Amino acid sequence: MVVLASSICTKTGKALVSRQFVEMPRTRIEGLLASFPKLMVPGQQHTTVETETIRYVYQPVGEDMYAVLITSRQNNIVQDMDTLHLIARAVSDICDIGDQQDVIMHGFDILSAFDEVISLGYRDNIDLAKLRTIMEMESHEEKIQEIIERNKEREAKQELKRKAKLFEQQRREAAKRGLADPGLGGIGSGGSGSMLGGGRMGGSGGSYEPLLSREPEPVRSFSPAAPSAPSFTSTARGMKLGRKPKGADILGAMKNEVDAIQELTENLSIADETPAAPVAAMPPVDMKGVHVQIEEHITAIVNRDGGLEQMEVKGDLSLIVSDEAYSNVQVGVATNGSQNAQIKTHPKIDKKKFQSSSAIALRDPSGSFPLSQPIGVLKWRIVSGEEGDVPFTINCWPSPTGSGTVDVNIEYELTNPKLELEDVVVSIPIPPGTQPTVGDVDGVYEVNRSRGTLDWQIPTIDASNKDGSLDFSVPGDDAGAFFPVVVSFVCSKSYFDVDITSVTTPDSKDVDYSQVVSLIPDQYAVI
């Protein structure tokens, strides 16, 4: 009951594409296919011919080709005919069956279809619909992985922005105390300087003048604030500095690039040509001597039927102490969330005190927190399988009309009224090259051609605006083309509802502190 080979050949028996499922040399299969047309009886209605050892089951494909199965004589001929019909339909889907060259060009795709239908000589349990899905190679897991990668890139860029702001705050604090800029590492500060290509970089005015020419030449878009360094007046023979060397143009070009980089650094902006989704930056925070940062990352994957595939929230509470007088503070924490969470404290935090009074304090009373460095003191993790725990739900209902278009109705609902979502973007995939016709919409929308999505934008979603809808129609007939739906937003509240009740010194004096809370969607999608 084994299929020996599956082939596409011409009417003369020349093999175009052939797949052998048992050990068989090439000359053997070419000989079998070459003898196949000679065994056919003209005018016979049968689609099988036999020899003493093998059976040919064949079907015309186009005008001058045959799809042929070479099997043993003991095989079930009905099953072989069904297998042959499936292979012939698959070949007609893959290429133009009227052109032999097109069959040869798509040979690898045809061989892949053969392998999906027949494995080690035996027919697999597969139909034409499954075969088409496999050959299209569309994977929800791959799409989700792409979403994860885009969110990781976005998170890394947000982390860069946060560290840049922290560095700027540290620099300002150091400037207030009269200390050196910690980010410059002493380069160009004080009275010392460094020589570069015959030039001098001083610390007084931050000016730089290359001494590559004795003639004073203005540098484009650059004027020193301090007096220039004295030029050499030696008359000794050697390198002639009277002409402008090629190095001056190189340094001039380098200076323009340095100016551009400095401008980007001052603006603390990171360019992103292909963002995963529009993301608004968190507003700047005036950091005080004690700064508390609460950051949560949420992952929510819901299938299109409403079932919850994955729900996870990871939270972290960090302290940044920039005033030495508060290096041993105690932080009171209240968790108002009703979810069951796994909570862990830093090894240097007094765990018993936290469990008894919800206070974060060092286990060693004489110890201190590191200055001007973020340190995570508390972590929590929430894993849920309940659909009601998803804070923000999306329902997408694509309905083919039967006339070549699909009507799509998509709704959102904020199920956690304690949260306030801002700059919400719901990205719905649309078929390539189509223009959606939008009807009723709560908010605004934009067609993103580069990513092939319809981006539904809602400025704010809170308890007073907890639901909304969008209706549009688009040419097509595939309801699955509108998934996965990806959601991004900015939220300054905690899902676990973590709150700071107090920040005090060891002798119970209140400390003025600053605080920032963020809920970041790492992966929020309907698949």
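The sections below set out a description of the structure shown in this document. (Residues numbered from 1 in each chain as written. Predicted model: local features only at pLDDT ≥ 70, side-chain atom pairs only at ≥ 80, totals over all residues. Heavy atoms only, no water.)

1. Focus: helix α1 (residues 26–39)
An ideal rise of 1.5 Å per residue puts 20 Å on 14 residues; α1 measures up with 20 Å between its terminal C-alpha atoms. Of all the positions in α1, only I29, L32, L33 and F36 are classed as buried. The buried side chains of α1 occupy one side of the element, clustering within an arc of 95° when seen end-on. Looking at α1, the residues exposed on the side facing more than 90 degrees away from the buried face are T27 and K38. Turning to α1, the residues buried within the fold contact β1 (3–10), β2 (15–20), β3 (48–50), β4 (54–61) and β5 (65–72). (Helix = DSSP H or I, 4+ residues; strand = E, 2+ residues; numbered from the N terminus. Expected span 1.5 Å × (residues − 1). Buried < 20%, exposed > 50% of the residue type's maximum accessible area, 1.4 Å probe, protein only. Arc of directions from axis to C-beta. Contact = heavy atoms within 4.5 Å.)

2. Quick notes on the pattern of salt bridges
On inspection of all chains with the given rule, the structure shows 15 salt bridges. Close ionic contact of R172 with E168 constitutes a salt bridge, the shortest N to O distance being 3.4 Å. One end of the pair is R172 and the other is E168, both in helix α6 (residues 140–177) and four residues apart, which spans about a single turn. Residue K379 is joined to D316 by a salt bridge in which the shortest nitrogen-to-oxygen separation is 3.3 Å. Of the two residues, K379 is situated in strand β16 (residues 375–383) and D316 in strand β12 (residues 308–321); the sequence distance between them amounts to 63 residues. Taking the relative accessible area as the measure of exposure, D316 reaches 19% and is therefore buried. (Salt bridge = Lys/Arg side-chain N within 4 Å of Asp/Glu carboxyl O.)

3. A look at the nonpolar core
Across soluble globular proteins, you tend to see nonpolar side chains buried next to one another. Counting 64 residues, the largest nonpolar core has L317, F392, V426 and F472 as the members making the most contacts within it. The contacts of V426, once residues within four sequence positions are left out, are I394, I410, L454, D455, W456, I458, V485, V486 and V487. (Core = buried A, V, L, I, M, F, W, Y, C linked by side-chain atoms within 4.5 Å.)

4. Digging into the pairing of β12
Of all 14 residues in β12, eleven are buried, a share of seventy percent or more. The sheet contact formed by strand β11 (residues 290–302) and β12 spans 13 bridges and is antiparallel. When the bridges of β12 are listed, I294 appears paired with L317. Hairpin connection, β11 to β12: the antiparallel pair is bridged by five residues, and G306 has positive phi, about 105°. Two elements, β12 and β16, share eight bridges in a ladder whose sense is antiparallel. Within β16, the residue paired with L319 across the bridge is I375. (Pairing = 2+ DSSP bridges.)

5. Brief notes about unusual backbone geometry
Of all residues except glycine, most have a negative phi; of all peptide bonds, most are trans. Between F483 and the following residue, P484, the backbone shows a cis peptide bond with an omega angle of 0°. Take P484: it is sitting in the loop between β23 (467–475) and β24 (485–491). Unusually for a residue other than glycine, L120 sits at a positive phi of about 55°. Its place among the elements puts L120 in the loop between β6 (118–119) and β7 (122–123). Within the chain, S358 stands out as a residue other than glycine whose phi angle is a positive 55°. Within the secondary structure, S358 is located in the loop between α8 (351–357) and β15 (359–360).

6. Digging into the packing of helix α2 (residues 77–94) against helix α4 (residues 107–117)
Angle between the axes and distance between the axes are the two parameters that describe a pair of packed helices. Orientation of α2 relative to α4, taken along the N-to-C sense of each, is 150°, at an axis distance of 10 Å. By the angle between their axes, α2 is roughly antiparallel relative to α4. α4 is crossed by α2, and the crossing has right-handed handedness. Between α2 and α4, the contacting residues are T83, L86, I87, A90, V91 and I94 on the first element and D109, I110, A113, F114 and V117 on the second. In terms of residue class, the contact of α2 with α4 is made up of nine nonpolar, one polar and one charged. (Axes fitted to C-alpha atoms, helices over the stretch in contact; angles between N-to-C directions. Parallel < 35°, antiparallel > 145°, perpendicular 65-115°, else oblique. Left-handed = near helix turned anticlockwise from the far one by under 90°. Nonpolar A, V, L, I, M, F, W, Y, C, P; charged D, E, K, R; others polar.)

7. Considering the sheet that holds strand β20 (residues 437–441)
Here we have four strands laid out as an open sheet, ordered β17-β18-β23-β20, and antiparallel in their pairing. The open sheet is flanked by β17 (392–400) and β20, the only strands paired with a single partner. Put simply, the sheet's adjacent strands are angled 15° from each other on average, direction ignored. Direction of pairing for β20 relative to β23: antiparallel, over a ladder of three bridges.

8. Comments concerning a negative patch on the surface
On the surface, a cluster of negative charge is made up of E411, E413, D440, D442 and D467. With respect to the helices and strands, D467 occurs in strand β23. (Patch = residues over 30% accessible without salt bridge, like charges linked within 9 Å, V, L, I, M, F, W, Y side chains within 5 Å. Areas by Shrake-Rupley, 256 points an atom, 1.4 Å probe, with all protein chains shown as cover. Lys, Arg positive; Asp, Glu negative; His and termini not counted. Charge placed at Lys NZ, Arg CZ, Asp CG, Glu CD.)

9. Thoughts on the pairing of β1
Taking burial as the measure, the eight residues of β1 include eight buried ones, the bulk of the element. The sheet contact formed by β1 and β5 spans seven bridges and is antiparallel. For I8, the partnering residue across the bridge sits in β5 and is A67. Taken together, the five bridges between β1 and β2 define a ladder with antiparallel strand orientation.

10. Some remarks on the packing of α4 against helix α5 (residues 128–136)
Running from amino to carboxyl end, α4 crosses α5 at an angle of 130°, the nearest separation of the two axes being 11 Å. Looking at the two axes, α4 sits oblique to α5. Crossing angle aside, the handedness with which α4 passes α5 is right-handed. For the pair formed by α4 and α5, the contact residues are D109, S112, A113, E116 and V117 on the first element and L131, I134 and M135 on the second.

11. Section: the packing of aromatic side chains
Taken as a whole and assessed by the stated rule, the structure comprises ten aromatic pairs. Measuring from ring centre to ring centre gives 5.3 Å for F36 and Y56, while their planes differ by 35°; the resulting arrangement is tilted. Placement of the pair is F36 in helix α1 and Y56 in strand β4, with a sequence separation of 20 residues. Residue classification places Y56 among the buried residues on the basis of a relative accessible area of 0%. Centroid distance F392 to Y412: 5.8 Å. Interplanar angle 35°. Geometry classified as tilted. Of this pair, F392 sits in strand β17 while Y412 is found in strand β18 (residues 405–414), placing the two residues 20 residues apart along the sequence. Given a relative accessible area of 2%, Y412 falls into the buried group. Among the aromatic residues, those joined into a cluster by ring pairs are F392, Y412, W456, F489 and Y524. (Phe/Tyr/Trp six-rings, centres within 6.5 Å; stacked < 30°, edge-to-face > 60°.)

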